[in-house]
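Given next are the chains, with one letter for each unit.
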Amino acid sequence: MVSGLKINYNKSKLYGMNIEEEVSQHWAIFLNCKTGKLPMTYLGMPIGASLRSKDTWAELISKIGRKLAGWKNRFLSLGGRIVIINSVLTSLPVFLMSTYLLPAGVIQKIDAIRRKFLWGGCEERNKIAWVRWVKVCKDRKQGGMGIKDLRMFNLALMGKWWARLVKEQGGLWRRVLLDKYGGEGGSWGEWITEGQNRGSRWWKDVCKINELIEGKRDWVKSGFKLVIGDGAKVSFWRQVWVGSHTLEVMFPRLSYLSTDRQSTVQQMGEWIGGSWRWRLKWRRRLSTREQDQETQLRSTIQNVQIRKDADDRWWWRYEKDGEYTVKSAYKLLTTTEKGDEIKCLKRCWNSTIPLKICAFSWLSVLGRTPCKVNLLKRNIIRQEADAMCSFCAEIAENEDHLLLWCDFSGKIWNKNLAWWEIKYVMARSYKDAFLQHSWAGRNQKGWQVIWYATIWALWSTRNRRIFEAKQVSTDEVFHMVQ
Ligand SMILES: [Zn+2]
């Protein structure tokens with residue numbers, strides 16, 4: 001374990017902590033050890049109270065305080081204190097942190113203790129915190145001090161459950177979960193997303209980690225890549241196994257026409273004399289246009305090596321051997337968005353697009369266009385009521401709403417997508433949408449032009465509404481795009 005806390009699982013017994021019974025059972029299977037009986041204490045924590053109750057957490061927090069007080073009278077350099085904080089403090093709640101999401105209040109309290117210790121030991125009087133805590137918690141390569149960020153560490157530890165879920169497709173542990181939470185059919189990603197609404201506290205927490213952090217949505221789910229072996233366990237149309245989207249999304253028309261919409265990759269072809277042949281069948285004869293799409297589909301899947309005697313497997317992208325590690329997950333979670341943002345900002349400047357539109361896209365990525373919300377922030381608009389969307393007048397006008405989410409804009413996007421036969425779920429922010437839009441497949445260049453034309457048409461329509469009081473219909477805007 002990253003924290004340096006080592007457990008000999010064979011010699012260990014696992015104790016249910018009066019939490020959901022299933023949790024301890026899952027842990028026991030997970031850690032390959034036996035379960036034990038209450039009462040017991042774990043790291044000095046009386047186990048018996050509910051993990052969700054304030055008292056239990058209070059006990060943990062005071063435990064950390066006491067642990068640190070032990071270092072109070074020794075002279076420690078700043079460097080020494082960093083080491084202590086990372087080893088002692090972070091290793092204490094590791095067991096809990098691998099099982100539950102620590103409540104925000106608990107993290108705050110633990111951080112307060114850690115902060116105080118970092119800047120001056122445990123004395124009561126307050127010392128000066130020279131650098132903001134957020135900065136302190138950043139990785140050293142990211143300009144921070146390398147103190148562990150508790151929330152991110154918490155998530156990285158809990159990510160192990162996901163790794164377990166994807167790795168052990170046929171495993172008992174997974175089957176128990178599926179039985180309980182009903183996940184037959186659908187991909188694991190789907191049922192784990194649904195799981196946020198049902199099941200035990202523990203299970204909800206496990207499901208939630210994927211979407212908890214703004215700007216890191218989907219970090220676990222998209223961290224795993226499916227590597228095709230014999231194709232027996234992978235749905236041809238409905239799972240992402242080639243490229244970054246399902247074939248159903250990339251070729252909606254063909255998936256509709258396929259006679260084998262539920263088939264696995266393996267069922268979509270056969271071995272003939274030692275080489276793999278795809279066998280695509282359609283419900284009717286394809287039109288010329290559809291035949292073109294079939295050619296595209298074939299060239300998409302052609303380079304995937306189907307192997308006779310290898311299992312399909314999930315590959316964690318951030319380790320060389322494809323195995324999930326807390327360390328790599330933590331790094332992923334604590335690496336700032338900067339890289340993404342720079343990539344995104346760079347991409348805005350497209351030489352085939354008029355400069356004014358590039359500039360507008362660039363401002364949109366940064367959230368600095370002169371839309372009403374920004375005018376309000378700069379006191380050019382005085383009242384919140386005046387900062388409502390120029391199209392629907394119902395929601396505050398920021399870039400995301402105006403360009404993506406507004407009903408008015410949505411209609412235009414839908415027309416575009418239908419026109420281009422693309423299935424696409426709009427991302428939450430302009431930046432994410434912009435980063436994703438370049439995948440759009442077949443005619444990438446063409447779609448990029450549409451993208452810019454659309455945001456520009458929306459923006460100029462908005463301006464004409466405001467400055468010329470001119471009403472423009474969605475059809476007219478769509479026409480402008482075309
Ligand atoms: Zn609107």
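Residues numbered from 1 in each chain as written. Predicted model: local features only at pLDDT ≥ 70, side-chain atom pairs only at ≥ 80, totals over all residues.

1. A short note on the overall build of the chain
Using the following cut-off: Numbering of helices and strands runs from the N terminus; a helix is a DSSP stretch of H or I covering at least four residues, while a strand is a stretch of E covering at least two. Every C-beta atom is placed from the backbone, and the number of other C-beta atoms within 10 Å of a residue's own sets its class: buried at 20 or more, exposed at 12 or fewer, partly exposed in between. A pair of residues counts as a contact when their C-beta atoms, built from backbone coordinates, are separated by no more than 7 Å.
Within the chain, the regular secondary structure consists of 22 helices and eight strands. Burial statistics for the chain: of 482 residues in total, 27% are counted as buried. Here the analysis covers contacts within the chain between residues at least 6 apart in sequence; of these, 58% occur between residues at least 24 apart.

2. As for the pairing of strand β6 (residues 269–272)
The condition is simple: For two strands to pair, DSSP has to find at least two bridges joining them.
Of the strand pairs in this sheet, β6 and strand β7 (residues 275–278) are connected by four bridges, and their pairing is antiparallel. Across the sheet, residue Trp271 finds its bridge partner in β7, namely Trp276. What sits between β6 and β7 in their antiparallel hairpin is a turn of two residues, with Gly273 showing a positive phi close to 55 degrees.

3. Quick word on helix α19 (residues 407–420)
Rule in force here: What a helix is expected to span follows from its residue count: subtract one and scale by 1.5 Å.
Taking 1.5 Å of rise per residue, 14 residues should cover 20 Å, and α19 covers 20 Å from first to last C-alpha, within 8% of that figure. Two residues or fewer past α19, Glu421 is found with a positive phi of approximately 50 degrees.

4. Quick notes on helix α13 (residues 288–302)
A rise of 1.5 Å per residue sets the reference length of α13, with its 15 residues, at 21 Å; its end C-alpha atoms lie 21 Å apart and thus fit the reference within 8%. Counting buried positions along α13 gives zero out of 15 residues, so the element sits mostly on the surface.

5. A word on the packing of helix α7 (residues 150–167) against helix α14 (residues 326–334)
Short version of the rule: To define axes, lines are fitted to C-alpha atoms, for helices over the stretch in contact only, and angles between the resulting N-to-C directions are given on a 0 to 180 degree scale. Throughout, the term roughly parallel applies to angles under 35 degrees, roughly antiparallel to angles over 145, roughly perpendicular to angles from 65 to 115, and oblique to all others. A clockwise turn of the near helix away from the far one marks a right-handed crossing, whereas an anticlockwise turn of less than a right angle marks a left-handed crossing.
Contact pair α7 / α14: the axes reach a minimum separation of 8 Å and the direction vectors enclose 135 degrees. Comparing the axis directions of α7 and α14 gives the class oblique. Crossing of α7 over α14 shows right-handed handedness. When α7 is examined against α14, the residues Met152, Phe153, Leu155, Ala156, Leu157, Gly159 and Lys160 are found in contact with a partner set consisting of Val326, Ala329, Tyr330, Leu333 and Thr334.

6. Points about unusual backbone geometry
Among all residues except glycine, the phi angle is most often negative; among peptide bonds, the trans geometry is most common. We note that Ala393 has phi near 55 degrees; this positive angle belongs to a residue other than glycine. By secondary structure assignment, the location of Ala393 is in the loop between α17 (372–377) and α18 (399–405). The exposure class assigned to Ala393 is exposed, which follows from the 9 C-beta atoms found within 10 Å.

7. Looking at the environment of Trp282
With respect to the secondary-structure elements, Trp282 resides in the loop between β7 and α13. Judged by the 15 C-beta atoms lying within 10 Å of it, Trp282 is partly exposed. Once the C-alpha coordinates of Trp282 and Ser258 are considered, the two residues, 24 residues apart in sequence, prove to be 4.7 Å apart. If sequence neighbours within four positions are ignored, Trp282 has contacts with Leu257, Ser258 and Thr259.

8. Points about the pairing of strand β8 (residues 313–316)
Side chains Trp314 and Trp316 of β8 all project onto a buried face; the interleaved residues Arg313 and Trp315 project onto a face where none is buried. Note: strand β5 (residues 224–227) against β8, four bridges, orientation antiparallel. Each residue of the ladder has a partner; that of Val227, found in β8, is Arg313.

9. Considering the confidence of the model for the chain
Our working rule: Per-residue confidence from the prediction method is given by pLDDT, with values spanning 0 to 100.
Here the chain averages 76 in pLDDT, and 76% of its residues register 70 or above. Here strand β4 (residues 45–47) stands out as the element of the chain with the lowest mean pLDDT, 43, in contrast to β6, whose mean of 92 is the highest. Of the regions scoring below 50 in pLDDT, residues 1–19 engages in 48 contacts with residues more than four places distant in sequence or in other chains.

10. A closer look at the environment of Lys346
One can find Lys346 in helix α15 (residues 338–348). Taking the number of C-beta atoms within 10 Å as the measure of exposure, Lys346 has 9 and is therefore exposed. Each C-alpha atom of the pair Lys346 and Trp362 lies 8.4 Å from the other, and the pair is 16 residues apart in sequence.

11. Section: the nonpolar core
How we decide: When buried Ala, Val, Leu, Ile, Met, Phe, Trp, Tyr and Cys residues are joined through C-beta atoms within 7 Å, the set is termed a nonpolar core. Note that the domain bounds reflect an automated or database-derived domain assignment.
Ranked by internal contacts, the top residues of the largest apolar core, which has 43 residues, are Ala156, Leu157 and Val206. When residues of this core are traced back to their parent elements, those giving at least two are α2 (54–69), α4 (94–97), α5 (104–120), α7, α10 (201–208), β8 and α14. Considering every element that reaches this core, the biggest residue donor is α7, with 10 residues. Here this core spans two domains, since at least three of its residues come from each of domain 1 (13–148) and domain 2 (154–226 + 314–331).

12. Digging into the packing of α19 against helix α22 (residues 474–481)
Running from N to C, α19 and α22 cross one another at 45 degrees; their axes reach a closest spacing of 10 Å. On the basis of the axis angle, α19 is oblique to α22. Between α19 and α22 lies a crossing of right-handed hand. When α19 is examined against α22, the residues Phe408, Lys411, Ile412, Lys415 and Asn416 are found in contact with a partner set consisting of Thr474, Val477, Phe478 and Val481.

13. Brief notes about the environment of Gln266
Structurally, Gln266 can be placed in the loop between α12 (252–257) and β6. Take Gln266: there are 19 C-beta atoms within 10 Å of it, and that puts it in the partly exposed class. In the structure, Gln266 is positioned 33 residues away from Lys233 in sequence and 8.1 Å away in space, judged by C-alpha atoms. In contact with Gln266, other than residues within four places in its own chain, are Asp230, Gly231 and Ala232.

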